[in-house]
Amino acid sequence: PLPYIYDFEIDGMYQKCGTFKNPADIYIDKGGNVWISDTGNNRVLKFAPDGTYMLTIGSAEGPGKLNAPEGVFITAQGDIWVADRGNSRLVSYTASGEFIKQFGKPTSRLLEDDQVYQPNKVVIDRRGYLYVLNGGGDFRGIFLLDSEGTFRGFFGANRLVFDLGRLLIRMFTTDSQKKQISKVLPTHHANMFVDERGFIYTVSPLGDVDQIKKLNSIGNDVYTSGKKAYGEIERRGAQTIKPQFVDVTVDSQGIVSALDFNSGRIYQYDQSANLLAIFGGRGSQRGKFELPQSLAVGNEGRLYVLDANRNNVQVFRPTEFAELLHKGSRLFFDGKYAEAEVIWREVLRRDSNFELAHTGLAKAFFKRGEYLKAMEE
């Protein structure tokens, strides 16, 4: 059964703001308002939950004028932060769009003088610390700044796994040969999201494993490992197409939604990395995407997907089946197997092959001592 269905779209057409041009990021604030980084038009736009235009930021002359902004974030207090890539800075505004301050390129002995600094994503935790992605793919990790804009170090850098073959090559080559060997660098983070509890979720589209990470306060990945069925590996003849997740968002129930750039699909996982649903895909019709760039979750579980080619945001609402999956997986993750049993039975009535539902029933049977039924499930 379909987990989500198309609801409506936001494109600015026939509204005062006009249409978008190569938008890059989307954010949903606490009130359900939709913020769009309209990169090609050098501005950030605010829309009501129903898609009605409300506010433009960064288009007026002055210190707050934007140049190719790519990332937008709204704090709990309503302050607006923008990763202003074209001006190599972070800039903040009041809720009404008035310029407050800016943070330019940070200085540190860890950063070279000729370091290219083009911030393209920003999120802020409850301490007021800023997590910034440097455009172009910085393998050293996420820039961590305090509330005064002081550089505090790199956060959550991806690591290279040990490679015996690479070690042997370096052991038996001369210095001149080593110089000709290309460097192997860690993959970079492409996007990030901070949830209500302060965990930073990141996606690394070029990684072979662990493309989605859930980083705690010290930068360690605490997302359930060893069972990450990250998307579907497609085979086209002799070619293998791996998913490349370019954005991630998490709702209040802990449901993780990730956007795959390759296939245009959206994959949903629970907090144990169990695959719950897949929908979307490439195409020009409603419900499909041409160049999906970003996604966000809003009120009532709606998903907002930003398409840079079509210059619009498509909004999807969850079906009853998706709501069952989300509720069941939440109870399952919390260990409330008996409470989840009724939900899993209803899920199996609609999709008899849903693996997690069988596992959920097995847990419920096992808790009651019905071991043979648990084995069957």
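Residues numbered from 1 in each chain as written. Predicted model: local features only at pLDDT ≥ 70, side-chain atom pairs only at ≥ 80, totals over all residues. Heavy atoms only, no water.

**Q** Which residues make up the side chain of Thr319, and what are the values?
**A** Within the element layout of this structure, Thr319 appears in the loop between strand E25 (312–318) and helix H3 (320–333). Take Thr319: its relative accessible area is 15%, and that puts it in the buried class. At 2.7 Å, the side chain of Thr319 and the backbone oxygen of Leu2 are in polar contact. In this view, Thr319 contacts Leu2, Pro3, Tyr4 and Ile5; residues no more than four positions away in its chain are not counted. (Helix = DSSP H or I, 4+ residues; strand = E, 2+ residues; numbered from the N terminus. Buried < 20%, exposed > 50% of the residue type's maximum accessible area, 1.4 Å probe, protein only. Polar contact = N/O pair within 3.5 Å; in protein donor to acceptor, adjacent residues only side chain to side chain. Contact = heavy atoms within 4.5 Å.)

**Q** Quick rundown of the pairing of strand E21 (residues 265–269)? Include the residues and the values.
**A** The element E21 is largely enclosed, with a buried count of 4 among its 5 residues. Looking at chain direction, strand E20 (residues 256–260) and E21 are connected through 4 bridges and run antiparallel. If you follow Ser257 over to E21, its bridge partner there is Gln268. Taking the residues that link successive antiparallel strands as the turn, the E20-E21 hairpin has 4 residues, and the phi of Gly264 there is positive, at about 75°. Sheet topology places E21 next to strand E22 (residues 275–280); 5 bridges connect them, and they run antiparallel. Looking at E22, one finds that Tyr269 is bridged to Leu275. Between E21 and E22, which pair antiparallel one after the other, the connecting turn spans 5 residues, and Ala273 there sits at a positive phi close to 65°. (Pairing = 2+ DSSP bridges.)

**Q** Now, about the side chain of Lys121: what can you tell me, with residues and values included?
**A** The residue Lys121 is located in strand E10 (residues 119–124) in this model. Taking the relative accessible area as the measure of exposure, Lys121 reaches 7% and is therefore buried. Here the side chain of Lys121 touches Ala24 through a polar contact of 3.3 Å, landing on its backbone oxygen. Setting aside anything within four residues of it in sequence, one finds Lys121 in contact with Ala24, Asp25, Glu70, Gly71, Ala83, Tyr131, Val132, Leu133, Ala190, Asn191 and Met192.

**Q** Any chance you could break down the sheet that holds strand E16 (residues 212–215) for me, citing the residues and the numbers?
**A** Reading across from one edge, E14-E15-E16 is the order of the 3 strands in this open sheet, with antiparallel pairing throughout. Edge positions in the sheet fall to strand E14 (191–194) and E16, since each has one partner strand and no second. Averaged over all adjacent pairs, the angle separating strand axes in this sheet is 20°, with direction ignored. One ladder, built from 4 bridges, connects strand E15 (residues 200–203) with E16; its direction is antiparallel. Directly across from Tyr201, in E16, lies its bridge partner Lys214. (Axes fitted to C-alpha atoms, helices over the stretch in contact; angles between N-to-C directions.)

**Q** Which residues make up the confidence of the model for the protein, and what values do they have?
**A** With 92% of its residues at a pLDDT of 70 or more, the protein has an overall mean of 90. Scored below 50 in pLDDT, residues 225–231 shows 19 contacts in the model against residues more than four places distant or in partner chains. (pLDDT = per-residue confidence, 0-100.)

**Q** So, the nonpolar core: which residues are in play, and what are the values?
**A** Among the nonpolar cores identified, the biggest contains 35 residues, and Trp35, Ile80, Leu90, Leu130, Tyr131, Val132 and Ile200 are the most heavily contacted of them. Excluding residues that lie within four positions of it along the chain, Tyr131 makes contacts with Lys121, Val122, Val123, Asp125, Ile142, Phe143, Leu144, Phe155, Met192 and Ile200. Core analysis: the second largest hydrophobic core is formed by 20 residues, Leu276, Phe321, Leu324 and Phe332 among them. (Core = buried A, V, L, I, M, F, W, Y, C linked by side-chain atoms within 4.5 Å.)

**Q** Give me helix H5 (residues 355–367): which residues, what numbers.
**A** Between the first and last C-alpha of H5 there are 19 Å, a value that for 13 residues agrees with the 18 Å anticipated at 1.5 Å per step. Packing partners of the buried residues in H5 comprise E22, H3, helix H4 (337–350) and helix H6 (371–376). Gly369 sits one or two residues past H5 and shows a positive phi near 85°. (Expected span 1.5 Å × (residues − 1).)

**Q** How would you sum up the sheet that holds strand E4 (residues 43–47)? Please name residues and give values.
**A** Spatially, the 4 strands line up as an open sheet ordered E2-E3-E4-E5, and their pairing is antiparallel. Of all the strands in the sheet, the pair left with one neighbour each is strand E2 (25–28) and strand E5 (53–57). The sheet shows a mean angle of 20° between the axes of neighbouring strands, taken without regard to direction. Here 5 bridges tie strand E3 (residues 34–38) to E4, and the two strands are oriented antiparallel to one another. Bridge pairing in E4 places Val34 opposite Phe47.

**Q** Quick one: what's the story with the packing of aromatic side chains, residue by residue and with numbers?
**A** Taken as a whole and judged by the stated rule, the model has 18 aromatic pairs. Between the aromatic rings of Tyr93 and Phe99, the centroid separation amounts to 6.5 Å while the plane-to-plane angle is 80°, which identifies the pairing as edge-to-face. Note on Tyr93: relative accessible area 2%, which makes it buried. On the basis of relative accessible area, Phe99 is assigned to the partly exposed category, the value being 31%. Geometrically, the ring pair formed by Phe321 and Phe354 is edge-to-face, given 6.4 Å between the ring centres and 90° between the ring planes. With Phe321 in helix H3 and Phe354 in the loop between H4 and H5, this residue pair connects regions lying 33 residues apart in the sequence. Among the residues examined, Phe321 registers a relative accessible area of 6% and is labelled buried. Taken together, the aromatic side chains of Tyr4, Tyr6, Phe279, Phe289 and Phe316 make up a single cluster linked through ring pairs. (Phe/Tyr/Trp six-rings, centres within 6.5 Å; stacked < 30°, edge-to-face > 60°.)

**Q** With reference to specific residues and values, describe a nonpolar patch on the surface.
**A** A cluster of nonpolar side chains, contributed by Leu164, Leu167, Leu168, Met171 and Phe172, occupies part of the molecular surface with about 530 Å² of accessible area. Along the chain, Leu168 turns up in helix H1 (residues 164–171). (Patch = residues over 30% accessible without salt bridge, like charges linked within 9 Å, V, L, I, M, F, W, Y side chains within 5 Å. Areas by Shrake-Rupley, 256 points an atom, 1.4 Å probe, with all protein chains shown as cover. Salt bridge = Lys/Arg side-chain N within 4 Å of Asp/Glu carboxyl O.)

**Q** Account for the environment of Gly136, with residues named and values stated.
**A** As for its position among the elements, Gly136 is in the loop between strand E11 (130–134) and strand E12 (142–145). Placed 17 residues apart in sequence, Gly136 and Pro119 show a C-alpha to C-alpha distance of 9.2 Å.

**Q** Go over the pattern of salt bridges, please, and point to the residues and values.
**A** Close approach of charged atoms allows side chains of opposite charge to pair. The tally for this structure, following the rule as stated, stands at 18 salt bridges. Arg368 is paired through a salt bridge with Glu370; the nearest N and O atoms lie 2.9 Å apart. Judged by its relative accessible area of 43%, Arg368 falls in the partly exposed class. Judged by its relative accessible area of 26%, Glu370 falls in the partly exposed class. When salt bridges with common partners are traced through the structure, they connect Glu341, Arg345, Arg368, Glu370 and Lys373 into a single cluster.

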